[in-house]
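Coordinates in review
So the chains spell out like this:
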Amino acid sequence: MSEYNAIHIDEDLQLKQICAAQAEPVYNAIETNRKFLRVWLPFVDSIKNIVDIENYIASLNTKPEAFEPVFCIYHQNNFAGLVGFKNTNLNNNTTEIGYWLMETMQKKGIVTRSIRFLIDDWFKRSPLTKIEIKCAIGNLQSKNIPLALGFKWSHTEEKGELLASGNFTDLDVYVIEKKVIVKKK
């Protein structure tokens, strides 16, 4: 879907669909923010070099059953983090949004504005009717994002994710649903 190559959300914020050319800024962001990111993101320790990012990007193109775009976030033309869809379940018409930001890009509304655009756009172009965001119980900054966007708390997944610390964390699951109009027969 080439229409997702670059999206201008506002004068400060742009999303670019991730591609091989962006492996270096993604890797550099993880490398320079490793200590900050690894608190909540279990994948960080598995990123050893740029090849790991290149392999991740290549893997995104091997999912024929569902289109799950991932975007590099740019704030004022600087790489800020990633946001994208994952764990799409076409049988249940659901998908999940995941995201992360560099430490210096926190508390600027970057992820909230990015997700607001993606939700609106995804519900217009997709048959999916429910989007989830999962947040570790203790990650209050992350939990504020779905709440600000009108997501509703659904449930808690006990021991939902193994963190880099070696401890499991519970995940609060937030959902937003497309308003579906049922036609009368």
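Before reading further, recall that the structure is shown in the block above.
Attention in this report is confined to the structure presented alongside it. (Residues numbered from 1 in each chain as written. Predicted model: local features only at pLDDT ≥ 70, side-chain atom pairs only at ≥ 80, totals over all residues. Heavy atoms only, no water.)

Let us look at the pattern of salt bridges. Within the structure shown, the criterion is met by seven salt bridges. When the shortest N-O distance is used, the salt bridge between Arg 34 and Glu 31 registers 2.7 Å. Salt-bridge contacts for Lys 134 lead to Glu 157; the nearest nitrogen and oxygen are separated by 2.8 Å. Here the residue Lys 134 occupies a position in strand S6 (residues 130-136), and Glu 157 occupies one in strand S7 (residues 152-162), the gap between them amounting to 23 residues. (Salt bridge = Lys/Arg side-chain N within 4 Å of Asp/Glu carboxyl O. Helix = DSSP H or I, 4+ residues; strand = E, 2+ residues; numbered from the N terminus.)

A few words now on the sheet that holds strand S8 (residues 168-177). The eight strands lie next to each other as S1-S2-S3-S4-S5-S6-S8-S7, forming an open sheet whose pairing is mixed. For this open sheet the edge positions go to strand S1 (6-8) and S7, each flanked by a neighbour on one side alone. In this sheet, adjacent strand axes meet at a mean angle of 25° when their direction is disregarded. As paired elements, strand S3 (residues 70-75) and strand S4 (residues 78-89) share six bridges and run antiparallel to each other. What sits directly across from Val 70, in S4, is Gly 84. Helix H4 (residues 110-125) contacts S1, strand S2 (13-17), S3, S4, strand S5 (94-101), S6 and S8 of the sheet and is inclined by roughly 160° relative to S5. On the sheet, helix H5 (residues 140-148) packs against S5, S6 and S8 and is oriented at approximately 155° with respect to S6. (Pairing = 2+ DSSP bridges. Axes fitted to C-alpha atoms, helices over the stretch in contact; angles between N-to-C directions. Contact = heavy atoms within 4.5 Å.)

Along the chain, Lys 159 turns up in strand S7. Sequence spacing of Lys 159 and Ala 21 is 138 residues, and the spatial spacing of their C-alpha atoms is 36 Å.

This next bit is on H5. The set of residues buried in H5 consists of Ser 142, Lys 143, Ile 145 and Pro 146. Along the long axis of H5, the arc covered by the buried residues comes to 145°, so they all point the same way. Facing away from the buried surface of H5 by more than 90 degrees, the exposed residues are Leu 140 and Ala 148. Buried positions along H5 lie against S5, H4, S6 and S8. (Buried < 20%, exposed > 50% of the residue type's maximum accessible area, 1.4 Å probe, protein only. Arc of directions from axis to C-beta.)

Let's shift gears to the packing of helix H1 (residues 23-32) against helix H3 (residues 50-59). Where H1 contacts H3, the two axes come as close as 9 Å, and the packing angle between them is 125°. One way to sum up the angle between H1 and H3 is to call them oblique. The handedness of the crossing between H1 and H3 is right-handed. Contacts from Ala 23, Glu 24, Val 26, Tyr 27 and Ile 30 in H1 reach Ile 50, Ile 53, Glu 54 and Ile 57 in H3. Partitioning the contact of H1 with H3 into residue classes produces seven nonpolar, no polar and two charged. (Parallel < 35°, antiparallel > 145°, perpendicular 65-115°, else oblique. Left-handed = near helix turned anticlockwise from the far one by under 90°. Nonpolar A, V, L, I, M, F, W, Y, C, P; charged D, E, K, R; others polar.)

Before going further, it helps to examine the packing of aromatic side chains. Scanning the entire structure with this criterion turns up three aromatic pairs. Ring centres 5.8 Å apart and planes at 80° place the aromatic pair Tyr 74 and Phe 79 in the edge-to-face group. On the accessibility criterion, Tyr 74 (12% relative accessible area) is buried. Note that Lys 16 overlies the ring of Tyr 74, its terminal NZ or CZ placed 4.5 Å from the centroid. (Phe/Tyr/Trp six-rings, centres within 6.5 Å; stacked < 30°, edge-to-face > 60°. Lys NZ or Arg CZ within 6 Å of the ring centre and 35° of its normal.)

To continue, consider the nonpolar core. In terms of nonpolar packing, the biggest core is built from 48 residues, with Trp 100 and Ile 115 touching the most fellow members. With seven residues, the top contributor of residues to this core is H4. Beyond its immediate stretch of four places on either side in the chain, Ile 115 contacts Val 83, Ile 97, Tyr 99, Ile 133, Ile 145 and Leu 149. (Core = buried A, V, L, I, M, F, W, Y, C linked by side-chain atoms within 4.5 Å.)

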